[in-house]
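Examination of the molecular architecture
Here's the letter readout for the chains.
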Amino acid sequence: MNADAIVFQSPCQLSVQPLPLRAMVPGDIEVQVEYSGISTGTERLLWDGSMPPFPGMGYPLVPGYETVGRVVRTLGDVPLAIGDRVFVPGSYSFEGVHNLFGGAGQRLVVPAARVVRVNEPGAQASGADAVLLALAATAYHSVTFGGTRDPDTPPDLIVGHGVMGRLLARLTVAAGGPAPVVWETQALRQDGADGYTVLHPDDDDRKNYRAIYDVSGDARILHKVIPRLDKGGEVVLAGFYHQDISFAYAPAFMREASIRVAAEWKRADLLAVTELVNTGRLSLDGLITHTHTPSQARDAYEVAFGDPLCLKMVLDWSH
């Protein structure tokens, strides 16, 4: 069986083409995709060819790890039923290409244990918001390390008011922590705060932050935020950086600064944020700003990576 998929033939070159799906084995499900998201972090690096050495890296590749669809077939004993809506965090569905991360396709074959069931949307919702679960899990992991870390100091400064920054701020507020400050340099992205404050860095003179979380991906960020730390404060690098990161030692020394790197989310993080969303404690509303069809894929990627008004671009596979 073949299914259409987004294929990066080489950096900045894509096509939508039918690819053979791998055969199902017991424990697998087949998912008819409704929506897939375009990541402005790792997927941008795959698109422009700047991704550092990464397991499975190579072209041609099928990108995507933010996919929502319905179960249309199962094989063996699986805890899902035909018609269930699930979130798929990438796949190894397609033959003859690199699956990095293999979620941007019309149909996917994945182990049932890899996906999570998501609630049906309300009458006025499409269900596309569930593509944001991977980003929410990334934000959650940066604070809790998958539930293994109970931070004494939740984020009080977040750098970047894109989707990740907004999710991290919402998670902080939902957990009952003090409302964080968010830095954003682009005026077009300074609105949309709900229960927290967004400032341009130049308008903030505070220099006693205890926990600064960077989700901007700016490799120069440590030079900017270490001088804003309180003594003994921590900087968490929660973005993805394709350039080497450095910092001036003297300011870090004077503050006895800690620098922590938050890696990719784990399944425990995904399950935790799915529960928060399903129970209404975490809202994903208002973060998807653009939707294109797969036939408009090239334009979709250019808008996702180049338009500051685009917080999140979603491909609609349902028509």
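Below or above, wherever it landed, is the structure these notes cover. What you are looking at is a predicted structure, and each value in this text was computed from that prediction instead of being measured.

So, about the overall build of the chain. Regarding its fold elements, the chain presents seven helices and 17 strands. Relative to the globule expectation of 20 Å for 319 residues, the C-alpha radius of gyration of the chain, 20 Å, shows essentially globular dimensions. Across its three principal axes, the chain shows a C-alpha extent of roughly 60 × 40 × 35 Å. A burial count over the chain gives 50% of its 319 residues as buried. Considering only contacts within the chain whose residues lie at least 6 apart along the sequence, 68% involve residues at least 24 apart. Of the roughly 14,100 Å² of accessible surface on the chain, a fraction of 52% belongs to carbon and sulfur atoms. For the chain, the centre of its 26 positive side-chain charges and the centre of its 36 negative side-chain charges are spaced 3 Å apart.

With that settled, the discussion passes to helix 2 (residues 133-144). Side chains that are three or four residues apart share a direction in an α-helix, a result of its 3.6 residues per turn. The terminal C-alpha atoms of helix 2, which comprises twelve residues, lie 16 Å apart, in line with the 16 Å expected from a rise of 1.5 Å per residue. Judged by how many residues are buried, helix 2 sits mostly within the fold: eleven of twelve residues are covered. Listed as buried for helix 2 are L133, A134, L135, A136, A137, T138, A139, H141, S142, V143 and T144. Those residues of helix 2 that are buried are in contact with strand 6 (85-88), helix 3 (163-174), strand 13 (209-214), strand 14 (229-237), strand 15 (258-261) and helix 6 (267-278). One or two positions beyond helix 2, positive phi appears at F145, with a value near 50°.

Of the residues making up helix 7 (residues 297-306), those classed as buried are A297, A300, Y301, V303, A304 and F305. Residues of helix 7 that are buried in the fold lie against strand 1 (2-10), strand 2 (13-20), strand 3 (28-38), helix 1 (42-48), strand 16 (290-292) and strand 17 (313-316).

Quick look at the packing of helix 2 against helix 6 now. It is the contact of helix 2 with helix 6, at a shortest axis distance of 8 Å, that shows an interaxial angle of 115°. Considering the angle they form, helix 2 stands roughly perpendicular to helix 6. In this structure, helix 2 meets helix 6 at a crossing whose hand is right-handed. Counting all contacts with helix 2, which are made through L133, A136, A137, Y140, H141 and T144, the residues of helix 6 involved are D269, L270, A272, V273, T274 and V277.

Here the focus is the pairing of strand 17. On strand 17, burial covers both faces: M313 and L315 on one face and V314 and D316 on the other are all buried. Note that strand 16 and strand 17 share three bridges and pair parallel. From the neighbouring strand, H292 faces strand 17, where its bridge partner is L315. Following the chain from strand 16 across helix 7 to the adjacent parallel strand 17, one finds a crossover that is right-handed.

What follows concerns the packing of aromatic side chains. Scanning all chains against the criterion turns up six aromatic pairs. On the numbers, 5.3 Å between centres and 75° between planes, the contact of F8 with Y301 is edge-to-face. Taken as a pair, F8 in strand 1 and Y301 in helix 7 lie far apart in primary sequence, 293 residues in all. Residue F8 shares its accessibility class with Y301, and that shared class is buried. Between Y249 and F253, the aromatic rings sit 5.8 Å apart at their centres with planes inclined by 35°, giving tilted as the arrangement.

As a further point, take the packing of helix 2 against helix 3. When two helices pack together, you describe them by how their axes are tilted relative to each other and by the distance separating the axes. Where helix 2 meets helix 3, the axes come as close as 9 Å, and the angle between the chain directions of the two elements is 55°. One finds that helix 2 runs oblique with respect to helix 3. Once helix 2 is placed against helix 3, the crossing between them reads as right-handed. When helix 2 is examined against helix 3, the residues L135, A136, T138, A139, Y140, S142 and V143 are found in contact with a partner set consisting of V163, M164, L167, L168 and L171. Residue composition of the contact of helix 2 with helix 3, by class: ten nonpolar, two polar and no charged.

The rules behind each value
- The residue count restarts for each chain, going from 1 along the sequence in the order it is written.
- Local features in a predicted model are, by the rule used here, given only for residues with pLDDT of at least 70; side-chain atom pairs are given and counted only at 80 or more, and totals for whole chains, interfaces and linings are based on all residues.
- The basis for every side-chain value is the complete set of heavy atoms in the structure, and neither hydrogens nor water enter the calculation.
- Secondary structure counts use DSSP, requiring at least four H or I residues in a row for a helix and at least two E residues in a row for a strand, with both numbered from the N terminus.
- Note that the radius of gyration is over C-alpha atoms, with the globule rule given as 2.2 Å times the number of residues to the power 0.38.
- Three labels apply to residues, based on accessible area from a 1.4 Å probe with only protein chains included: buried if under 20% of the type maximum, exposed if over 50%, partly exposed otherwise in between.
- We call two residues in contact whenever any of their non-hydrogen atoms come within 4.5 Å of each other.
- Areas reported as accessible are Shrake-Rupley estimates using a 1.4 Å probe. Residue values count occlusion only from the protein chains shown.
- By the counting rule applied here, Lys and Arg register as positive and Asp and Glu as negative, while His and the ends of each chain are not counted.
- Every charge is mapped onto a representative atom, which is NZ of Lys, CZ of Arg, CG of Asp or CD of Glu.
- Given the number of residues in a helix, its expected span is that number minus one, multiplied by 1.5 Å.
- The axes are straight lines fitted to the C-alpha atoms, using for helices just the contacting stretch, and the angles between their N-to-C directions are given from 0 to 180°.
- Orientation labels follow simple angle bins: below 35 degrees gives roughly parallel, above 145 gives roughly antiparallel, 65 to 115 gives roughly perpendicular, and whatever is left gives oblique.
- Each helix crossing is assigned a hand: it is left-handed if the near helix lies turned anticlockwise from the far helix by less than a right angle, otherwise right-handed if that turn is clockwise.
- One bridge is not enough; two strands pair if DSSP finds at least two bridges between them.
- Crossovers are marked right-handed if the path from the first strand over the helix to the second runs clockwise, as seen with the strands pointing away from the viewer.
- Each Phe, Tyr or Trp ring, with Trp reduced to its six-membered ring, pairs with another whose centre is within 6.5 Å; inter-plane angles below 30 degrees give stacked pairs, above 60 give edge-to-face pairs, and intermediate values give tilted ones.
- Asp, Glu, Lys and Arg are counted as charged, while Ala, Val, Leu, Ile, Met, Phe, Trp, Tyr, Cys and Pro are counted as nonpolar; the rest, among them Gly, fall into the polar class.

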